[in-house]
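What follows is each chain in one-letter form.
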Amino acid sequence: MILWILLLLLILAVFGFGFTMQILWWVAAVLLVVWIAGFAMRGRGGGGRRHSHR
């Protein structure tokens, strides 16, 4: 009986870890897209400010 409970806990832990990793991949992809978009917007708008001290 204890063996079945341990097996069930192991299956739940592996399933939870896999689900968490899937969500973390989606979060990482969204953050990468936001970072690239922010970098592109800052490159267009902030380019003149860096060279204005000359």
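Cut-offs used in this document
Residues numbered from 1 in each chain as written. Predicted model: local features only at pLDDT ≥ 70, side-chain atom pairs only at ≥ 80, totals over all residues. Heavy atoms only, no water. Helix = DSSP H or I, 4+ residues; strand = E, 2+ residues; numbered from the N terminus. Buried < 20%, exposed > 50% of the residue type's maximum accessible area, 1.4 Å probe, protein only. Areas by Shrake-Rupley, 256 points an atom, 1.4 Å probe, with all protein chains shown as cover. Patch = residues over 30% accessible without salt bridge, like charges linked within 9 Å, V, L, I, M, F, W, Y side chains within 5 Å. Salt bridge = Lys/Arg side-chain N within 4 Å of Asp/Glu carboxyl O.

Caption draft 1: View of the overall build of the protein chain. Check the secondary structure of the protein chain and you find two helices and zero strands. A buried classification covers 2% of the 54 residues belonging to the protein chain. Of the roughly 5,500 Å² of accessible surface on the protein chain, a fraction of 79% belongs to carbon and sulfur atoms.

Caption draft 2: Summary view of a nonpolar patch on the surface. Where nonpolar side chains cluster on the molecular surface, the patch consists of Met1, Ile2, Ile5, Leu6, Leu8, Leu9 and Leu12 and spans about 780 Å² of accessible area. Among the secondary structure elements, Leu12 is positioned in helix α1 (residues 2-45).

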